[in-house]
Amino acid sequence: MVLLGSLAMLGTLMCFFCLPALMAQSININSSSRTAARVLDALLQNYAYRAFLHHRTGVPYDGDVPSNLSGIKIAAMRLRSGSLWRKGVQMYKEFDIPIGVVERPYVERLVLVYQNLGNWSMLYYSLPNYTYLAPVLGLLAYDASDLLATHLPELDFRAFGDPIKIRFSDVQSAPDGSVPKCVWFDLHGLVKFSNLTSGNECSTIQQGHFSIVTESILPSRPPSRGEEKKSNRKVWIIVASVLGGLALLALLAFLVLWARKCKQRKKMQEMEKAAEMGEALHMTSVGDTKAPSATVTRTQPILENEYVP
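Fair warning: this is a prediction, and the values are worked out from it, not measured in the lab. (Residues numbered from 1 in each chain as written. Predicted model: local features only at pLDDT ≥ 70, side-chain atom pairs only at ≥ 80, totals over all residues. Heavy atoms only, no water.)

Q: I'm lost on the overall build of the protein chain in this one. Help?
A: Across its full length, the protein chain carries 5 helices and 17 strands. Within the protein chain, the fraction of its 309 residues that count as buried is 31%. Restricting to contacts in the protein chain with at least 6 residues of sequence separation, those with at least 24 account for 68%. When the accessible surface of the protein chain is summed, it comes to about 21,700 Å², and 60% of that surface belongs to carbon and sulfur atoms. (Helix = DSSP H or I, 4+ residues; strand = E, 2+ residues; numbered from the N terminus. Buried < 20%, exposed > 50% of the residue type's maximum accessible area, 1.4 Å probe, protein only. Contact = heavy atoms within 4.5 Å. Areas by Shrake-Rupley, 256 points an atom, 1.4 Å probe, with all protein chains shown as cover.)

Here it is in structure tokens:
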């Protein structure tokens, strides 16, 4: 029981420390953008199903979108679930689907709907502080039992072996100093970033929408006249403060020296005054040297008893 408790505590701590790293790699788009994107997915599924003419399995059919969505490209390809699991799909547009892909719930046949949102990418998948280097590409799976059905729910489309590769063909160069990143949008508004696998290639294990982005670099703008005046005023304030500080230090040094000099002068005056109030000594020549001598004769000694016995 002690061992199980320790393992549970260790697992809790690992989740606690890993949570910030996971959150740093993912964000959520706002609800209005997510709703608009889901409405677009349903509309594009309807138009993609209309592209089937002969219902041939494994053949992609390009579809047409309404005129008010000009610039968006769609396609649809019908597959058998068993064939998709055993063989995969080699290059369906920009998607290379490996073997080992499974859909949930299971269906006998499914349709893979391809989307290229082109110049509509930023509108439906807005990413603040990021710049798109490639259009948003979508790959969604639907049930193929009724090709006349509309507003179908998506299947859970997932790779259990090698990942699905997305080779972007229309990619802009990243600005100097920026690093391109793969971005993946799931169907619930979650956004995750990852590194490019090679060149202009990203990878995923599940369906969704994908692109290549880079963090936006805001251009530096020249300062306005008001900012220049404010900056010059700050410079003058700093210069005046420095000069004022130096002047104050010089004044303090002068006051200290003046006080010391005054103290020394006062001490000299006291010494001279004390010397003037004392008795002057006479100078007497002793050989070649002059020395002070007292003018008063020393008191002669007197015997206590003048009578000598």
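And the narrative resumes.
Q: Before we go on, may I ask you to explain the state of the cysteines in this structure?
A: What makes a disulfide is a covalent bond joining the sulfur atoms belonging to two cysteines. One pass over the full model with this rule turns up 1 disulfide. For Cys182, the disulfide goes to Cys202, at an S-S distance of 2.0 Å. Taking the torsion about the sulfur-sulfur bond, which here is approximately -90°, the covalent link between Cys182 and Cys202 counts as left-handed. Placement of Cys182 in strand E12 (residues 181-185) and of Cys202 in strand E14 (residues 201-204) is noted, with a sequence separation of 20 residues between them. The residues Cys182 and Cys202 share a single accessibility class, namely buried. (Disulfide = S-S within 2.5 Å.)

Q: Looking at this model, I keep getting lost on the pairing of strand E9 (residues 137-143). Mind explaining?
A: Walk down a regular strand and you will see the side chains alternate between the two sheet faces. Across the 7 residues that make up E9, a large majority, 6, are buried. In the sheet, strand E7 (residues 109-116) pairs with E9 via 7 bridges, with the strands oriented antiparallel. Within E9, the residue paired with Leu112 across the bridge is Ala141. As paired elements, E9 and strand E15 (residues 208-215) share 3 bridges and run antiparallel to each other. Within E15, the residue paired with Leu139 across the bridge is Gly208. (Pairing = 2+ DSSP bridges.)

Q: Please clarify how the sheet that holds E14 should be interpreted in this entry.
A: Pairing between the strands of a sheet is mediated by backbone hydrogen bonds and can be parallel or antiparallel. What the 4 strands build is an open sheet, ordered E4-E5-E11-E14; its pairing is antiparallel. Edge positions in the sheet fall to strand E4 (89-92) and E14, since each of these pairs with one other strand and no more. Strand-to-strand, the axes of this sheet are offset by a mean angle of 20°, without reference to chain direction. As paired elements, strand E5 (residues 95-97) and strand E11 (residues 164-167) share 2 bridges and run antiparallel to each other. Bridging across to E11, Asp96 finds its partner in Lys165. (Axes fitted to C-alpha atoms, helices over the stretch in contact; angles between N-to-C directions.)

Q: Would you take a moment to explain the nonpolar core for this structure?
A: The tendency in soluble globular proteins is for nonpolar side chains to be buried as a group. If you look at the biggest cluster of nonpolar residues, it comprises 32 residues, and the most contacted ones within it are Ile72, Val111, Tyr125 and Leu127. Contributions of two or more residues to this core are made by helix H2 (31-49), strand E3 (73-80), E7, E9, E12 and strand E13 (190-194). Looking at this core element by element, the count peaks at 5 residues for H2. Once you skip the residues sitting within four places of it in the chain, Tyr125 turns out to touch Ala37, Asp41, Leu117, Tyr132, Val136, Phe185 and His209. Counting 29 residues, the second largest nonpolar core, distinct from the first, contains Val89, Tyr92, Ala134 and Ala141. (Core = buried A, V, L, I, M, F, W, Y, C linked by side-chain atoms within 4.5 Å.)

Q: Would you mind going over the environment of Leu155 with me for this structure?
A: Mapped onto the elements, Leu155 comes out in the loop between E9 and strand E10 (156-159). Overall, the relative accessible area of 6% leaves Leu155 in the buried class. Between the alpha carbons of Leu155 and Val111 there is a distance of 9.7 Å; along the sequence they are 44 residues apart.

Q: Please clarify how the environment of Asp62 should be interpreted in this entry.
A: Relative to the elements of secondary structure, Asp62 occurs in strand E2 (residues 60-63). Considering only alpha carbons, one finds Asp62 and Met77, 15 residues apart in sequence, at a separation of 9.0 Å. Beyond its immediate stretch of four places on either side in the chain, Asp62 contacts Ala51, Ile74, Ala75 and Lys93. A distance of 2.8 Å separates a polar atom in the side chain of Asp62 from a polar atom in the side chain of Lys93. (Polar contact = N/O pair within 3.5 Å; in protein donor to acceptor, adjacent residues only side chain to side chain.)

Q: Sorry, what's going on with the pattern of salt bridges here?
A: Tallied over the full model, the rule gives 8 salt bridges. Of the charged contacts in the structure, one is a salt bridge between Arg38 and Asp41, with a shortest N-O distance of 2.7 Å. Here Asp41 and Arg38 lie together in helix H2, a separation of 3 residues that amounts to about one turn. For the salt bridge of Glu108 with Arg109, the shortest nitrogen-to-oxygen distance reads 3.7 Å. A relative accessible area of 22% means that Arg109 is categorised as partly exposed. Taken together, the salt bridges that share partners define one network made up of Arg38, Asp41 and Glu154. (Salt bridge = Lys/Arg side-chain N within 4 Å of Asp/Glu carboxyl O.)

Q: I'm lost on the side chain of Asp186 in this one. Help?
A: Within the secondary structure layout, Asp186 lies in the loop between E12 and E13. There is no salt bridge for the buried Asp186, and the closest opposite charge comes from Arg34, which lies 7.5 Å off by N-O distance. Of the polar contacts made by the side chain of Asp186, one reaches the backbone nitrogen of Gly189; its length is 3.1 Å. Here Leu190 takes part through its backbone nitrogen, which lies 2.7 Å from a polar atom of the side chain of Asp186. (Lys, Arg positive; Asp, Glu negative; His and termini not counted.)

Q: Just to check I follow, could you spell out the side chain of Thr214 for this structure?
A: Note that Thr214 resides in strand E15. A relative accessible area of 1% places Thr214 in the buried class. Within the structure, the side chain of Thr214 is placed 3.3 Å from the side chain of Ser178, a separation counted as a polar contact. The contacts of Thr214, once residues within four sequence positions are left out, are Asn129, Tyr130, Thr131, Leu133, Pro175, Ser178, Val179 and Pro180.

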